[in-house]
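Each chain, letter by letter, is given below.
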Amino acid sequence: GVARERVVLSETFPAMDHIAIKGLADVALDTTLYNGHVTTGDALWGDLPVVVLPRVSMASRLSSSFWDPLPEGILVARSLQDYEDLAVAVASTRQMLKRKREALAKAKRSSALFDTQGWVLRMERSLRMV
């Protein structure tokens, strides 16, 4: 289990504080039947690696779709045992966690997934074409 002093309960936060607080965790464990969707994006914004196990339904595969633009932040498991092994490895190996977080922070600077301004410009251009 998780030691009581490691569990943090809080009130709601403004969006940017909500994302920043993700950094207190070591790893995000995505649920297998229905993935985090926006929660996964928030974790990645907060430089928090995410372990996912894609299943058959679209709702259970969404978080793994973040892997393509951002492989540094998503650890895609192939089985329940692999899911557990990845989670334990990231959470218990400080050097691995540090490498993942640093790679994720660096990748975010060049990833289209986090290029909000570029997305807005492309969206505006598309709307003008309609």
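In the block above lies the structure referred to throughout.
Please read all numbers here as calculations on a predicted model, not as lab measurements.

**Student:** Help me out: how do you make sense of the overall build of the protein chain in this one?
**Tutor:** Looking only at helices and strands, one finds five helices and three strands in the protein chain. Secondary structure elements of the protein chain occur, N-terminal to C-terminal, as α-β-α-β-β-α-α-α. Once the C-alpha set of the protein chain is aligned to its principal axes, its extents read approximately 55 × 35 × 30 Å. Within the protein chain, the fraction of its 130 residues that count as buried is 35%. In the protein chain, the share of contacts with a sequence separation of at least 24, taken over all contacts with a separation of at least 6, comes to 61%. For the protein chain, the computed accessible surface area is about 8,800 Å², with 59% contributed by carbon and sulfur atoms. Charged side chains of the protein chain number 17 positive and 15 negative; the gap between the two group centres comes to 4 Å.

**Student:** Help me out: how do you make sense of the packing of helix α3 (residues 80-92) against helix α4 (residues 94-110) in this one?
**Tutor:** Packed helices, taken two at a time, are described by the angle their axes make and the gap between the axes. With their axes 5 Å apart at the nearest point, α3 and α4 run at an angle of 90° to one another. Considered as vectors, α3 and α4 are oriented roughly perpendicular to each other. Listed contacts from α4 to Ala89, Val90, Ala91 and Ser92 of α3 are Arg94, Met96 and Leu97.

**Student:** Help me out: how do you make sense of the pattern of salt bridges in this one?
**Tutor:** Pairs may arise between side chains of opposite charge once their charged atoms sit close together. A complete count under the given rule lists three salt bridges for this structure. For Asp47, the salt bridge is made with Lys108, and the minimal N-O distance between the two is 2.8 Å. Of this pair, Asp47 sits in the loop between α2 (38-45) and β2 (50-52) while Lys108 sits in helix α4, and the two are 61 residues apart along the sequence. Residue classification places Asp47 among the partly exposed residues on the basis of a relative accessible area of 21%. Accessibility expressed as a relative area gives 15% for Lys108, which makes it buried. Across the salt bridge formed by Glu102 and Lys98, the nearest N and O atoms sit 3.7 Å from each other. Pair noted here: Glu102 and Lys98 are both in helix α4, with a separation of four residues, about one helical turn. Residue classification places Lys98 among the partly exposed positions, given a relative accessible area of 45%.

**Student:** Even after reading the chapter, I still don't get α2, so can you show me in this structure?
**Tutor:** Each full turn of the α-helix corresponds to 3.6 residues, which orients residues three or four apart in the same direction. Listed as buried for α2 are Thr40, Gly41, Asp42, Ala43 and Leu44. Where α2 is buried, its residues contact α1 (15-21), β1 (28-29), β2, β3 (74-76) and α4. One or two positions beyond α2, positive phi appears at Asp47, with a value near 60°.

**Student:** Is there a simple way to think about the side chain of Asn35 in this case?
**Tutor:** Summarising the element assignment, Asn35 is placed in the loop between β1 and α2. Overall, the relative accessible area of 3% leaves Asn35 in the buried class. From its side chain, Asn35 meets the backbone oxygen of Ser60 in a polar contact 3.4 Å long. Ignoring any residue separated from it by four or fewer positions in sequence, one finds Asn35 in contact with Asp30, Ala59, Ser60, Arg61, Leu62, Ser63 and Ser64.

**Student:** Would you explain the layout of surface pockets in this entry?
**Tutor:** In this structure, the largest pocket occupies an estimated 810 Å³ of space. Lining the largest pocket are 29 residues, and of these Arg6, Ala25, Asp26, Val27 and Ala28 lie nearest its centre. Every element with two or more residues in the lining of the largest pocket is listed here: α1, β1, α2 and α3. Here the lining of the largest pocket takes five residues from α3, the largest share from any one element. Residues of the lining of the largest pocket, tallied by class, amount to 18 nonpolar, six polar and five charged.

Quick notes on the rules
- Residues numbered from 1 in each chain as written.
- Predicted model: local features only at pLDDT ≥ 70, side-chain atom pairs only at ≥ 80, totals over all residues.
- Heavy atoms only, no water.
- Helix = DSSP H or I, 4+ residues; strand = E, 2+ residues; numbered from the N terminus.
- Buried < 20%, exposed > 50% of the residue type's maximum accessible area, 1.4 Å probe, protein only.
- Contact = heavy atoms within 4.5 Å.
- Areas by Shrake-Rupley, 256 points an atom, 1.4 Å probe, with all protein chains shown as cover.
- Lys, Arg positive; Asp, Glu negative; His and termini not counted.
- Charge placed at Lys NZ, Arg CZ, Asp CG, Glu CD.
- Axes fitted to C-alpha atoms, helices over the stretch in contact; angles between N-to-C directions.
- Parallel < 35°, antiparallel > 145°, perpendicular 65-115°, else oblique.
- Salt bridge = Lys/Arg side-chain N within 4 Å of Asp/Glu carboxyl O.
- Polar contact = N/O pair within 3.5 Å; in protein donor to acceptor, adjacent residues only side chain to side chain.
- 1 Å grid on protein atoms, 1.4 Å probe; cavity = no way out; pocket = protein on both sides within 12 Å on 5 of 7 lines; lining within 4 Å.
- Points joined across faces, edges and corners; volume = space filled by probe spheres on them.
- Nonpolar A, V, L, I, M, F, W, Y, C, P; charged D, E, K, R; others polar.

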